[in-house]
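Spelled out from the first residue to the last, the chains are:
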Amino acid sequence: MLGISDKVLEVCSELILSEKHLNEVMERLRKEIVKGLSKETNETATVKCFPTYVRNLPNGKERGKFLALDLGGTNFRVLLIELGGDNREPTKFKMQSKIYAIPQNIMLGPGEALFDHIADCLATFIIENSMKREVLPLGFTFSFPLRQEGLTKARLVTWTKGFKCAGVENEDVVRLLKEAICRRGDVEIDVCAVLNDTTGTLMSCAWLNPNCRVGLIVGTGTNACYVEKLENVGLWDSDYNEPAKVIINTEWGAFGDNGVLDFILTDYDRDVDEQSINRGKQLYEKMISGMYMGEIARLILERLTKDGHLFNGQGSDNLYKRGNFFTKYISEIESDKPGEYQNCRQVLEELCLNYITDQDCKDVRYVCEVVSKRAAQMAAAGVACLLNKMGEKSVVVAVDGSVYRFHPHFHNLMTETINRLADPGIKFDLMLSEDGSGRGAALVAAVACHNRTGPGNHRR
């Protein structure tokens, strides 16, 4: 049985987190969350903890037709969702959707062009589905840091995930969407709510399980939301009527931007940060999410190869090119059965690497395992922090995102770590959220619409 090469073990050792490290991460995150919730310290806090103004969770009886817009990555979706009502059966939910690409030039161009593109997609979808005569309630999932000022008003704090559209930061994204729709003049919408995908993820699971109190995304980026008592929310500026709770969008991707994670950052993390378009920002996210995980692994593989410890020192331009070791490769390589390297060899051949030995494959797999395990443990430390802060005895954690969904061991790694870190007596389940940014957006709109006007669709 082949063992891991000594040099590979040595190089990877700095990415291995001890129990002491993880407990320290939890404690530092808790302090940052308290700062974010406080009116006095929020302005300088890195973990902003924005109130979402979503206070009512779904009860399973929501019904009607709703539109949802989902912007959170390199693709954009428009959805038509019909909720059947009266019970929590998933079969009482129908959905039609269409995915539209967002070209790189739009991701980096003027904000008006982005919202015109969104409006074009929405109008096309409405026309294709013969809905021009209907004005349906709409939930807008906008999965970037938002400072909410109400259910239908939210300002973009900063772009993340590779977007850099000018003229959008500090602006109300609902207003920008409405203005783009008005410029077209051929469709109408009724925006009932703007939300982050973490809120949608929580709402989507809460529709099926009333114990859901946390929403987590581990995909292109990472973020979490949770249900907090209003008495702990210094930022709260509305009434304290029942339910005296609100969903808090932590925006925890920025945890560490003030240096509190420096004690576990590696040279690979610093390199990834240096080469990113948002240098010095979203450091926690850069240790966890799919946008960066593959690059961390590639940097380690590049170092090991150039030092002569992998592939007999014979690398390739493809391996040495930034961004060329995709995070999906990690999932594929770790999906091989122990001792088998079919996926690993296929990935390495795609990178134009020759003369691959079984020892190389075993070492490459170990590098991937170390990177993904650290990501899962860091995410788990965040979840355990939220569970301990809420102090509820039984909590369902709604989870979505490509890394959690497709990595073969992420769920188990997270569960094992949370079990060790959560306070005694706290029971939890990680529940895969089915389309939080789609169905979740519809549910936020449904609950908001019900509270505002009562159930039912609106027609011209």
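Let us look at the structure shown here. All residue numbers refer to positions counted from 1 along the written sequence of the respective chain. Given that the model is predicted, a residue must reach a pLDDT of at least 70 before its local features are reported, and side-chain atom pairs must reach 80 or more before they are shown or counted; all residues, however, enter totals for whole chains, interfaces and linings. Hydrogens and water molecules were not included; the side-chain quantities draw on all heavy atoms of the structure.

### Notes on the sheet that holds strand β10 (residues 222-229)
How we decide: At least two bridges found by DSSP between two strands are what make those strands a pair. Runs of H or I in DSSP of at least four residues are treated as helices and runs of E of at least two as strands, each being numbered from the N terminus.
The six strands lie next to each other as β1-β11-β10-β9-β12-β13, forming an open sheet whose pairing is mixed. Both outer strands of the open sheet, β1 (50-51) and β13 (427-432), are each paired with one neighbouring strand and no more.

### Notes on the side chain of N324
Put simply, the rule reads: Only heavy atoms enter the contact rule, under which two residues are in contact if any of them lie within 4.5 Å.
Its location among the elements puts N324 in the loop between α10 (317-320) and α11 (327-335). Sequence-distant contacts of N324, that is, excluding residues within four places in its chain, are made with E295, R298, N318, Y329 and L351.

### A few points about the sheet that holds strand β5 (residues 137-142)
Here is the rule we go by: Think of each axis as a best-fit line through the C-alpha atoms, taken over the contacting stretch in the case of a helix, with angles from 0 to 180 degrees between the N-to-C directions.
Pairing within the open sheet is mixed, and its five strands lie in the order β4-β3-β2-β5-β8. On the outer flanks of this sheet lie β4 (93-101) and β8 (190-195), each paired with one strand and no other. Sheet twist, expressed as the average angle between the axes of neighbouring strands with direction ignored, equals 20°. Note that strand β2 (residues 64-71) and strand β3 (residues 75-83) share eight bridges and pair antiparallel. Paired with F66 across the strands is I81, a residue of β3. Its contacts with the sheet place helix α5 (residues 173-184) against β2, β5 and β8, and it is angled at close to 145° to β8.

### A word on the pairing of strand β9 (residues 212-218)
For the record, the criterion: Under the scheme applied here, a residue whose accessible area is under 20% of the maximum for its type counts as buried, over 50% as exposed, and between as partly exposed, the area being computed with a 1.4 Å probe on protein chains only.
Within β9, seven of the seven residues are buried, leaving the element largely enclosed by the surrounding structure. Strand direction decides the pairing type here: β9 and strand β12 (residues 394-400), joined by five bridges, are parallel. Bridging across to β12, I217 finds its partner in D400. Taken together, β9 and the strand that follows it, β10, pair antiparallel across an intervening segment of three residues.

### As for helix α12 (residues 342-350)
Owing to its 3.6 residues per turn, the α-helix brings residues three or four apart onto one side. This is how it is decided: Throughout, the arc means that of the directions going from the helix axis to the C-beta atoms.
Residues of α12 that are buried: C344, V347 and L348. In an axial view of α12, the angular spread of the buried residues amounts to 95°, which keeps them on one side of the axis. In this structure, the buried side of α12 is in contact with α11 and α13 (358-390). Directly beyond the C-terminal end of α12, a positive phi value near 60° is found at C352.

### What to know about the nonpolar core
The criterion, for reference: To define a nonpolar core, start from buried Ala, Val, Leu, Ile, Met, Phe, Trp, Tyr and Cys residues and group those joined through side-chain atoms within 4.5 Å.
Formed by 91 residues in total, the largest nonpolar core has its most connected members in I300, F325, M414 and I418. Here this core gets 19 residues from one element, more than from any other, and that element is α13. What I300 contacts, discounting residues up to four positions off in sequence, is V11, C12, L15, Y268, V367 and V371.

### Overview of the pattern of salt bridges
Our working definition: The rule for a salt bridge is simple: a side-chain nitrogen of Lys or Arg has to be within 4 Å of a carboxyl oxygen of Asp or Glu.
Counted according to the given criterion, the structure contains 32 salt bridges. One salt bridge connects E392 with R213, and the closest N-O pair in it is separated by 3.8 Å. Residue E392 is located in the loop between α13 and β12, and its partner R213 is located in strand β9; the two are separated by 179 residues in the primary sequence. Look at E392 and you get partly exposed, because its relative accessible area is 24%. Taking relative accessible area as the criterion, R213 reaches 17% and is therefore assigned buried. Across the pair D269 and R374 runs a salt bridge, and its minimum N-O distance is 2.7 Å. Note that D269 is positioned in helix α7 (residues 267-274) and R374 in helix α13, a separation of 105 residues in sequence. Note on accessibility: D269 and R374 belong to one class, buried.

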